[in-house]
Amino acid sequence: QVQLVESGGGLVQAGGSLKLSCAASGGTFSSYAMGWFRQAPGKEREFVAAISWSGGNTRYADSVKDRFTISRDNAKKTVYLQMNSLKPEDTAVYYCAADDTGYRVSYYSWDYGYWGQGTQVTVSS
């Protein structure tokens, strides 16, 4: 069973950048597909990005495409989310999640069996 801990959130001005990290422990990290989701106040959790076990396949929500980049380092058991050109509407708690079907890059939250506790990202206008 894998445990996930996010870090890197914070307050940034619109147009700025942040890089989130999600460190895994337990389990076999390199066998999991990984995803990032976010939840803004009063809204449902939504898909942001996903990456397959090898890093060879990625998927992004349309709202973040060309601004965010997901990557992973299997040796460090860490997945990253580089966020550029941030907008106030990107404000949310960001969660990383693990899917034990490693080749899949799902945008369905129910495909992910393991979740971190989340990290807050606030973008000021």
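Data block above holds the structure.
Now for a look at the structure at hand. Quick caveat: nothing in here was measured; it's all calculated off a predicted structure.

**A look at the pattern of salt bridges**
Throughout the structure, instances matching the rule amount to 6 salt bridges. With a shortest N-O distance of 2.8 Å, Arg 67 and Asp 90 are connected by a salt bridge. In this pair, Arg 67 is assigned in the loop between strand E6 (58–60) and strand E7 (68–73) and Asp 90 in the loop between strand E8 (78–83) and strand E9 (92–99), connecting sequence segments 23 residues apart. Of the charged contacts in the structure, one is a salt bridge between Arg 104 and Asp 111, with a shortest N-O distance of 3.6 Å. Accessibility expressed as a relative area gives 18% for Asp 111, which makes it buried. Through salt bridges with shared partners, a single ionic network connects Arg 38, Glu 46, Arg 67 and Asp 90.

**Quick notes on the sheet that holds strand E1 (residues 3–7)**
If you trace the 4 strands from one edge of the open sheet to the other, you get E1-E3-E8-E7, paired in antiparallel fashion. Whereas interior strands pair on both sides, the edge strands pair on one side only; in this sheet they are E1 and E7. In this sheet, adjacent strand axes meet at a mean angle of 15° when their direction is disregarded. The pairing of E7 with E8 spans 6 bridges and is antiparallel. Considered in E8, the bridge of Ser 71 is made with Tyr 80.

**Quick notes on the state of the cysteines**
Counted by the stated rule, this structure contains 1 disulfide. The disulfide bridge from Cys 22 ends at Cys 96, spanning 1.9 Å between sulfur atoms. Where Cys 22 bonds to Cys 96 through sulfur, the torsion about that S-S bond is close to 45°, and the disulfide is right-handed. Of this pair, Cys 22 sits in strand E3 (residues 18–25) while Cys 96 sits in strand E9, and the two are 74 residues apart along the sequence. Cys 96 shares its class with Cys 22; the two are buried.

Parameters at a glance
Residues numbered from 1 in each chain as written. Predicted model: local features only at pLDDT ≥ 70, side-chain atom pairs only at ≥ 80, totals over all residues. Heavy atoms only, no water. Salt bridge = Lys/Arg side-chain N within 4 Å of Asp/Glu carboxyl O. Helix = DSSP H or I, 4+ residues; strand = E, 2+ residues; numbered from the N terminus. Buried < 20%, exposed > 50% of the residue type's maximum accessible area, 1.4 Å probe, protein only. Pairing = 2+ DSSP bridges. Axes fitted to C-alpha atoms, helices over the stretch in contact; angles between N-to-C directions. Disulfide = S-S within 2.5 Å.

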